[in-house]
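Coordinate inspection notes
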Amino acid sequence: MAQAAITLAADAPTLSSANTGFMLICSALVLIMTPGLAFFYGGMVRVKSTLNMLMMSFISIGIVTILWVLYGFSLAFGTDSGSLIGWNSDWVGLSNIGLTELWDGYTIPIFVFMVFQMMFAIITPALISGALADRVKFSAWALFVALWATVVYFPVAHWVWGAGGWAFELGVIDFAGGTAVHINAGAAALGVILVIGKRVGFKKDPMRPHSLPLVMLGAGLLWFGWFGFNAGSWLGNDDGVGALMFVNTQVATAAAMLAWLVYEKIRHGAFTTLGAASGAVAGLVAITPSGGAVTPLGAIAVGAIAGLLCAMAVGLKYKFGYDDSLDVVGVHLVGGVVGSLLIGFFASGKGQSTATGVFYGDHSFDQLWKQCAGVFAVLAYSLVVSAILAFLLDKTIGMRVSEDDEVAGIDQAEHAETAYDFSGAGGGVRTTALPPTAVTDASKKVDA
């Protein structure tokens, strides 16, 4: 018995400075994705809504950070209760966690795992904001973020990633957030916009992006940060799975961008910068759940399929009449569903687990049915609860700004600022008086 105890002690994980440093870098990369998202969304809206779009992402950093420290981490990753939620009183306020106390089964401190997952919790509600552009009160949005994180994100994160969570125990594969992040946010976006309605002028007024360079900058930051988002989710770098995920992230994103552009050229006759940026994001979304389970060739297939289907899906809002301002439903919901379900076809059994898909011998469709269970449970829960939250807020404090404020510009109404100040643009101030003949000539022209 003593010998067994000695053996177990020798086999117990010890703190790895390399993995700890790697995960801290990955945490910072995930955080930069939220400002990247802000720029991506900010460039896609009209000029009068730019600052509001930026602020809707930035406020998520503030609110969710505090909630995660106070109770969110405990709810998401604490001791399981009924396979639905977690709780650990020692983690409330992070009040009783040792500096070198390790995350169970890994070589990184609990604090490192906590802060890495915090960044996921921050960006997920921020993703929703793109569907609500131009028309939501900032105070109502801030309250929605706090409520949604508490009753939707924290429980769903426990289902998918928490020890004892029902999806985790069922064997649903979600490497870095296809269900918990993208389907969750996309379904929430659909639930909210069905409650709050369309923008003034939807399908009538042109609502083109005001700054495509800003969109491309945001997409670049998202692509860059996504390597931490995806590769870091293996919580270390000891067995090559994180490296596989890194490679597949790049491969799928490239394939999706190309597929979107080809579809766009055939369908609309041009290769657009907005299409390139949107296609890249669609690929990033789709490979997020699947990248640890598929080969690089499988990643090409996942990315190409997601790029094509998401490009097709963004037009559904005009057919069905829901105003998804910046295509959160078309890219994040559809991309998350596609990437999660394709695991059931392309999982090779040689990556994060031995689970295989239909194309690798799983002719009983076992993994595919597991993926379906995770996908549609998260979709339904987030859609319904998010719609209820939006309805309650709309009937109490009101979700939307007035029609006059929406038409005039939500930046000025909600933030008393504008994104661009052109008051100093144009010619300089004339320092000499016009000659009398010039004034006379000008007056004649005006009179005429």
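As a reminder, the structure under discussion sits directly above these lines.
Right, let's walk through the structure included here. (Residues numbered from 1 in each chain as written. Predicted model: local features only at pLDDT ≥ 70, side-chain atom pairs only at ≥ 80, totals over all residues. Heavy atoms only, no water.)

**Some remarks on empty space enclosed by the protein**
Operational definition: For each structure, a 1 Å grid was placed over the protein atoms alone; sets of points admitting a 1.4 Å probe that cannot get out are labelled cavities, open sets with protein on both sides within 12 Å along at least five of seven lines are labelled pockets, and lining residues have an atom within 4 Å of a point. Grid points are joined across faces, edges and corners, and a volume is the space filled by probe spheres set on the points. Comment: elements are numbered from the N terminus, with helices defined as DSSP H or I runs of at least four residues and strands as E runs of at least two. Amino acid classes used here: Ala, Val, Leu, Ile, Met, Phe, Trp, Tyr, Cys and Pro are nonpolar; Asp, Glu, Lys and Arg are charged; the rest, including Gly, are polar.
Scanning the model with the defined rule gives three cavities of 30 Å³ or more in all. Of the volumes computed, that of the largest cavity is approximately 80 Å³. Elements that contribute at least two residues to the lining of the largest cavity include exactly helix 2 (17–44), helix 10 (273–290) and helix 13 (328–346). Of the residues that constitute the lining of the largest cavity, the class distribution is seven nonpolar, two polar and one charged. Of the pockets and cavities examined, the second largest cavity occupies roughly 40 Å³. Lining the second largest cavity we find Met-44, Val-45, Arg-46, Ala-133, Asp-134, Arg-199, Met-207, Arg-208, Ser-325 and Leu-326. In terms of residue class, the lining of the second largest cavity is built from five nonpolar, one polar and four charged.

**Describing the pattern of salt bridges**
What counts, and what does not: Salt bridges are defined as contacts in which a side-chain nitrogen from Lys or Arg sits within 4 Å of a carboxyl oxygen from Asp or Glu. Burial here depends on accessible area, computed with a 1.4 Å probe over protein chains only, as a share of the maximum for the residue type. Under 20% is buried, over 50% is exposed, and the range in between is partly exposed.
What the rule picks out here adds up to seven salt bridges. Note that Asp-134 is salt-bridged to Arg-46, the shortest N-O span being 3.1 Å. Remark: Arg-46 occurs in the loop between helix 2 and helix 3 (50–77) and Asp-134 occurs in the loop between helix 4 (110–128) and helix 5 (138–161); sequence separation between them is 88 residues. The class of Asp-134 is buried, set by a relative accessible area of 2%. For Arg-46, a relative accessible area of 16% corresponds to the buried category. Between Lys-370 and Asp-366 there is a salt bridge whose closest N-O contact spans 3.3 Å. Residue Lys-370 and its partner Asp-366 are located together in helix 14 (residues 366–396), separated by four residues, close to a single helical turn. A relative accessible area of 21% means that Lys-370 is categorised as partly exposed. Residue class for Asp-366 comes out partly exposed when judged on its relative accessible area of 39%. When salt bridges with common partners are traced through the structure, they connect Arg-46, Asp-134, Arg-135, Arg-199 and Asp-323 into a single cluster.

**Quick look at the environment of Leu-308**
Relative to the assigned elements, Leu-308 resides in helix 11 (residues 296–313). Relative accessible area serves as the criterion here: at 36%, Leu-308 is assigned to the partly exposed category. Distance from Leu-308 to Gly-335, taken between C-alpha atoms, is 10.0 Å for residues 27 residues apart in sequence.

**Section: helix 9 (residues 241–268)**
Count 3.6 residues to each turn of an α-helix, and residues three or four apart come out pointing the same way. Heads up, the rule is: One fewer than the residue count of a helix, multiplied by 1.5 Å, yields its expected span.
With 28 residues, helix 9 extends 39 Å from end C-alpha to end C-alpha; this agrees with the ideal 40 Å at 1.5 Å per step. Remark: Gly-269 follows helix 9 within two positions and exhibits a positive phi of approximately 85°.

**Comments concerning the packing of helix 7 (residues 178–196) against helix 14**
The following threshold applies: Helix axes are fitted only over the stretch in contact, all axes being lines through C-alpha atoms; the angle between N-to-C directions runs from 0 to 180 degrees. The cut-offs work like this: below 35 degrees is roughly parallel, past 145 is roughly antiparallel, 65 to 115 is roughly perpendicular, and the gaps in between are oblique. Put simply, a crossing is left-handed when the front helix is turned counterclockwise from the back one by less than a right angle, and right-handed when it is turned clockwise. Should any heavy atoms of two residues lie within 4.5 Å, those residues are considered in contact.
Where helix 7 contacts helix 14, the two axes come as close as 7 Å, and the packing angle between them is 40°. As far as their axial angle goes, helix 14 and helix 7 are oblique. The handedness of the crossing between helix 7 and helix 14 comes out as right-handed. Between helix 7 and helix 14, the contacting residues are Thr-179, Ile-183, Asn-184, Ala-187, Ala-188, Leu-190, Gly-191, Val-192 and Val-195 on the first element and Gly-374, Val-375, Val-378, Leu-379, Ser-382, Leu-383, Ser-386, Ala-387, Ala-390 and Phe-391 on the second. Taken together, the residues of the contact of helix 7 with helix 14 sort by class into 13 nonpolar, six polar and no charged.

**Some thoughts on the packing of aromatic side chains**
What counts is decided by this rule: Think of it this way: a Phe, Tyr or Trp ring, Trp meaning its six-membered ring, pairs with another when their centres are within 6.5 Å, and the plane angle makes it stacked under 30 degrees, edge-to-face over 60, tilted otherwise.
This structure, assessed with the given rule, holds 26 aromatic pairs. Measuring from ring centre to ring centre gives 5.9 Å for Trp-141 and Phe-144, while their planes differ by 25°; the resulting arrangement is stacked. In this pair, Trp-141 and Phe-144 both sit in helix 5, three residues apart, roughly one turn of the helix. The same class applies to Trp-141 as to Phe-144, namely buried. Aromatic pair Trp-159 and Trp-166: ring centres 5.7 Å apart, planes at 50°, arrangement tilted. Of the residues examined, Trp-159 reaches a relative accessible area of 8% and is grouped as buried. With a relative accessible area of 23%, Trp-166 lands in the partly exposed category. Through a chain of ring-to-ring contacts, three or more aromatic side chains come together here, namely Trp-68, Tyr-71, Phe-73, Phe-77, Trp-91, Trp-103, Phe-113, Tyr-153 and Phe-154.

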